[in-house]
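Analysis of the macromolecular model
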Amino acid sequence: MSIEKVDTLVVGAGQAGVAMSEHLGKKGISHVVLERSRIAENWRTARWDSLVANGPAWHDRFPGLKFSGLDDDAFAPKDLVADYFADYAKQISAPIRCGIEVRAVKRNSDGPRFRVETTDGVYGANNIVAATGPFQKPVFPPIVPESEEIHQLHSHAYRNPDEIPEGAVLVVGAGSSGTQIAEELLRSGRRVYLSIGPHHRPPRRYRGKDFVWWLGVLGTWDLRAPAPNTEHVTIAVSGAYGGKTVDFRRLAESGMTLLGMAKSYANGSLQLASDLKDNIALGDANYLNLLDQADEYIRQHGLDFPEEPDARDLAKDPECVINPVLALDLEKEGITSIIWATGYSFDFSWIHLDAFDGKGRPIHERGVSRVPGLFFLGLPWLSRRASSFIWGVWHDAAYLAEQIASEDERSAGLGVALGSSSLRG
């Protein structure tokens, strides 16, 4: 069998794969990027129709290219984001091959370290970069049995209100996806119930600056690990409708029913935790803390930023928070659909190497695996809080390119066989 040899093989051509290709190219490292669909495919087909980036255009991009025809403070629609990465790949002449799925990465008995089995044949590579991102396998909690006569889908499969059966909708999960989907459904005239867990709720803008700017100057993007007990806390932020601060109380005033976390289901009734008020309070505390930090930063640096005293005015708790629903009869409330905005888990089943813990999570240090030659990119908290965000992944890719270059130097010294992406052996 003909085996194509390449120094470094990158799996995935989303933001992580494109960033990795740029930095490998700058280092003169022979590489190929394999993508099973199109460049940035998830932005096109694995998101809802109205999705926009959660950060402004000046922030959610790579350093080498701006969004074309978009104001710096605007929020890019998903298709424009996908086009951006395709344009960026073209600008850097990234060696991306689309329509090729990687099925297995195994150790090689001789020659290059790894044998990579794909739908396009077999590759031999000394380095592998798993750049498939954090959104791999939708998490679908087994709370409501599939046998129940209710339409259930993950936010991954949601597209628009017209595709949801008539009736009220329950959205479970109040991070960015769940909150935005719930609001879109509410605006479409649906009766909406939103199950809210622990969350952070930053201001969209404060005293003239977007919250992503504040996270930068306050050093929050550079945090190396989440604070204790916040590993599963989601962030409720939105660029939708021009970008505005998420405010669950205002959503309740508009007719949305807020609920605590979903616990269990029996006899047509969903049991809910009594934690709604606490979860709302946690979001408020995070919001107010960022305002405090911003005010202190302005004071210390003598900045002439506009005052914004109304930002601290919080609406009164609505009835659904004061007297929370603890048991929700789906049929009685006319709920015909449940959208589970409950996140994703990793799926590295295609990597047949001892590189994972008992839960299938990669064991690594800043993306450098314990398996020599295997690297991970684009994962949450890979090196810091910014790691899974567009500009953050670009900087992590630069670090990994340095490590790969050093690894290649060591391997060359040990006589490990290297190949060119244009050679077949």
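Refer to the structure presented above.
What comes next is a walk through the structure. (Residues numbered from 1 in each chain as written. Predicted model: local features only at pLDDT ≥ 70, side-chain atom pairs only at ≥ 80, totals over all residues. Heavy atoms only, no water.)

With respect to the pairing of strand β2 (residues 31–35)
Of all five residues in β2, five are buried, a share of seventy percent or more. Taking every second residue as pointing to the same face, both faces of β2 are buried, with H31, V33 and E35 on one and V32 and L34 on the other. Sheet topology note: the strand β1 (residues 3–11)/β2 ladder contains four bridges and is parallel. Paired with V11 across the bridge in β2 is L34. What joins β1 to β2 is helix α1 (residues 15–26), and the crossover it makes is right-handed. Where β2 lies against strand β3 (residues 96–98), three bridges are found, and the strand directions are parallel. For V33, the partnering residue across the bridge sits in β3 and is I96. (Buried < 20%, exposed > 50% of the residue type's maximum accessible area, 1.4 Å probe, protein only. Helix = DSSP H or I, 4+ residues; strand = E, 2+ residues; numbered from the N terminus. Pairing = 2+ DSSP bridges. Right-handed = clockwise from strand over helix to strand, strands pointing away.)

Focus: the packing of aromatic side chains
For the structure on display, the rule yields 20 aromatic pairs. Between F348 and F356, the aromatic rings sit 5.7 Å apart at their centres with planes inclined by 20°, giving stacked as the arrangement. According to the relative accessible area criterion, F348 is buried, its value standing at 6%. Each member of the aromatic cluster is reached from another via a ring pair, and the members are F62, F67, Y84, F85 and Y88. Looking at R187, its charged tip hangs above the ring of Y241, at a distance of 3.6 Å from the centre. Residue placement shows R385 over the ring face of W221; its charged tip is 5.7 Å from the ring centre. (Phe/Tyr/Trp six-rings, centres within 6.5 Å; stacked < 30°, edge-to-face > 60°. Lys NZ or Arg CZ within 6 Å of the ring centre and 35° of its normal.)

Looking at the sheet that holds strand β9 (residues 168–172)
The strand order across the open sheet formed by five strands is β8-β19-β9-β10-β15, and the pairing between neighbours is parallel. In this open sheet, the two edge strands, each paired with only one partner strand, are β8 (151–154) and β15 (257–259). Going from strand to strand, the sheet's axes swing by 20° on average, the running direction of each strand aside. (Axes fitted to C-alpha atoms, helices over the stretch in contact; angles between N-to-C directions.)

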